[in-house]
Amino acid sequence: MLHDPFKSTQRMILPSILSADFAKLGNEIEDVLAGGADFLHLDVMDGHFVPNISFGPPVIKSARKATPAFFDVHVMISDPVGYAPAMVKAGAQNVTFQVETVDDPAKAAQDIKRLGCTVGITLNPATPVERILPALDHVNLVLIMSVVPGFGGQKFMPEVLPKCEAVKKRLRADQRLEIDGGIHLETITQARDAGVDWYVIGSAIFDTPDRKATIAALRGKLDGR
Ligand code: DX5
Ligand code: ZN
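Read on for a plain summary of the structure. (Residues numbered from 1 in each chain as written. Chains lettered and ligands numbered in written order. Predicted model: local features only at pLDDT ≥ 70, side-chain atom pairs only at ≥ 80, totals over all residues. Heavy atoms only, no water.)

What follows covers the overall build of the protein chain. Each helix and strand counted, the protein chain has eight helices and eight strands in total. Across its three principal directions, the C-alpha atoms of the protein chain cover 45 × 35 × 35 Å. Every one of the 225 residues in the protein chain was classed for burial, and the buried ones make up 56%. Excluding contacts between residues fewer than 6 apart, the proportion of contacts in the protein chain whose partners are at least 24 apart in sequence is 66%. (Helix = DSSP H or I, 4+ residues; strand = E, 2+ residues; numbered from the N terminus. Buried < 20%, exposed > 50% of the residue type's maximum accessible area, 1.4 Å probe, protein only. Contact = heavy atoms within 4.5 Å.)

Below, the structure written as structure tokens:
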């Protein structure tokens, strides 16, 4: 379990708690971290930018009490800059916003980073890479959506892999490339070969009985085993 994943250049596995059983969220968090996950991905959805509502600061605050692990918060909301302070106050250490929700991505990135957290920018499968370029110098990570955001358990969209390669080429050594959506044993090596550093995995981990074995198998794929 990591408190500051930016200190390492290792590939990271970060379970998305959207696929966890919220009736026992603390146990689910403990289970995946004890099972070898590096840190956690938390999907905030507002039912406006995406056709689903997940959770917000109250749940982040409770989850924060359950673990010191780094919280990578992905906000699929229409007002990311407006709600970023509440996410950070609740325990978010990274806030990743959707480029489709802001007029000025560079300014949004700087506004969020000013809160003392790290900042990521992400783009939907249909959004061209060009849209995030103005913000590239100001972010700590780029998250490539490999599903249309809103739900766990969707099918991986390999057509986003060229975006991974195009973005990877432009990143500094201190920045990270993350992928999110439909990552499992059959798709993870495609993402690895496209240069991805951080792997968001929801249903492929939480929908299995033995998370430790699942994470070990996923890591084996990353290591080429
Ligand atoms: C989708 C979320 C993803 C999702 C991943 O809108 O951003 O993080 O939870 O879940 P899987 O791995 O099941 O596609
Ligand atoms: Zn996500």
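The discussion continues.
This part is about the coordination of the zinc ion (ligand 2). Around a metal, the idealised angle for a tetrahedral arrangement of four donor atoms is 109.5 degrees; for an octahedral arrangement of six donor atoms it is 90 or 180 degrees. Distances from the zinc ion (ligand 2) to its protein donors, His 41 (NE2), Asp 43 (OD), His 74 (ND1) and Asp 180 (OD), fall within 2.1 to 2.3 Å. Its relative accessible area of 8% is what places Asp 180 among the buried residues. (Donors = N, O, S within 2.8 Å, 3.2 Å for Na, K, Ca; no water.)

The next subject is the nonpolar core. Counting residues in each nonpolar core, the largest one holds 63 residues, and the members touching the most others are Ile 60, Phe 97, Ile 132, Val 142, Tyr 199 and Ile 201. Those residues in contact with Ile 60 that sit more than four places away from it in its chain are Leu 42, Val 44, Phe 55, Phe 71, Val 73, Met 87, Ala 90, Gly 91 and Ala 92. Of all hydrophobic cores here, the second largest spans eleven residues; its members include Phe 6, Met 12, Leu 141 and Val 147. (Core = buried A, V, L, I, M, F, W, Y, C linked by side-chain atoms within 4.5 Å.)

What follows deals with the packing of helix H2 (residues 57-66) against helix H3 (residues 80-90). Across the interface, H2 lies against H3 with an axial gap of 8 Å and an inter-helix angle of 20°. If you check the angle between H2 and H3, you find them roughly parallel. Taken as a pair, H2 and H3 cross one another with a handedness that is right-handed. Listed contacts from H3 to Pro 57, Ile 60, Lys 61 and Arg 64 of H2 are Ala 86, Met 87 and Ala 90. (Axes fitted to C-alpha atoms, helices over the stretch in contact; angles between N-to-C directions. Parallel < 35°, antiparallel > 145°, perpendicular 65-115°, else oblique. Left-handed = near helix turned anticlockwise from the far one by under 90°.)

With that out of the way, let us pick up the pairing of strand E7 (residues 176-180). Burial analysis of E7 places five of its five residues in the buried class, which makes it a mostly covered element. Side chains Arg 176, Glu 178 and Asp 180 of E7 all project onto a buried face; the interleaved residues Leu 177 and Ile 179 project onto the opposite face, where all are buried too. Pairing geometry for strand E6 (residues 141-145) and E7, over five bridges, is parallel. Of the residues in E7, the one forming a bridge with Leu 141 is Arg 176. Where the polypeptide runs from E6 across helix H5 (residues 161-170) and back to E7, its parallel neighbour, the crossover connection is right-handed. With three bridges connecting them, E7 and strand E8 (residues 198-201) associate as parallel partners. Counted as the bridge partner of Asp 180 is Val 200 from E8. (Pairing = 2+ DSSP bridges. Right-handed = clockwise from strand over helix to strand, strands pointing away.)

Right, let's talk about the site of ligand 1 for a bit. Taken together, 20 residues form the shell around ligand 1, and within it Gly 150, Gly 153, Asp 180, Gly 202 and Ser 203 come nearest. One of the side-chain nitrogen or oxygen atoms of His 41 is found 3.4 Å away from an oxygen atom of ligand 1. Its free accessible area being 390 Å², ligand 1 has 100% of it covered by the protein chains. If you map ligand 1 onto the pockets, it falls in the largest pocket. Contributions of two or more residues to the shell around ligand 1 are made by strand E2 (40-45), strand E3 (71-76) and E8. Residue contributions to the shell around ligand 1 peak at three residues, all from E2. Looking at the shell around ligand 1 residue by residue, the classes come out as eight nonpolar, ten polar and two charged. (Near = heavy atom within 4 Å. Polar contact = N/O pair within 3.5 Å; in protein donor to acceptor, adjacent residues only side chain to side chain. Areas by Shrake-Rupley, 256 points an atom, 1.4 Å probe, with all protein chains shown as cover. 1 Å grid on protein atoms, 1.4 Å probe; cavity = no way out; pocket = protein on both sides within 12 Å on 5 of 7 lines; lining within 4 Å. Sits in = over half its atoms within 2 Å of the grid points. Nonpolar A, V, L, I, M, F, W, Y, C, P; charged D, E, K, R; others polar.)

The next point concerns the side chain of Arg 176. Positionally, Arg 176 belongs in strand E7. Summary of buried charges: Arg 176 has no salt-bridge partner, and the nearest side chain of opposite charge, Asp 197, is 5.3 Å away. At 3.1 Å, the side chain of Arg 176 and the backbone oxygen of Phe 6 are in polar contact. Of note is the side chain of Arg 176, whose polar atom sits 2.9 Å from the backbone oxygen of Ala 173. Beyond its immediate stretch of four places on either side in the chain, Arg 176 contacts Phe 6, Ser 8, Thr 9, Asn 140, Leu 141, Val 142, Leu 171, Asp 197 and Trp 198. (Lys, Arg positive; Asp, Glu negative; His and termini not counted. Salt bridge = Lys/Arg side-chain N within 4 Å of Asp/Glu carboxyl O.)

The subject of this paragraph is the environment of Met 1. Mapped onto the secondary structure, Met 1 falls in the segment before strand E1 (12-15). Along the sequence, Met 1 and Lys 221 sit 220 residues apart, while their C-alpha atoms lie 19 Å from each other. Discounting residues that sit within four places of it in the chain, Met 1 has contacts with Leu 33, Ala 37, Asp 38, Thr 67, Pro 68 and Ala 69.

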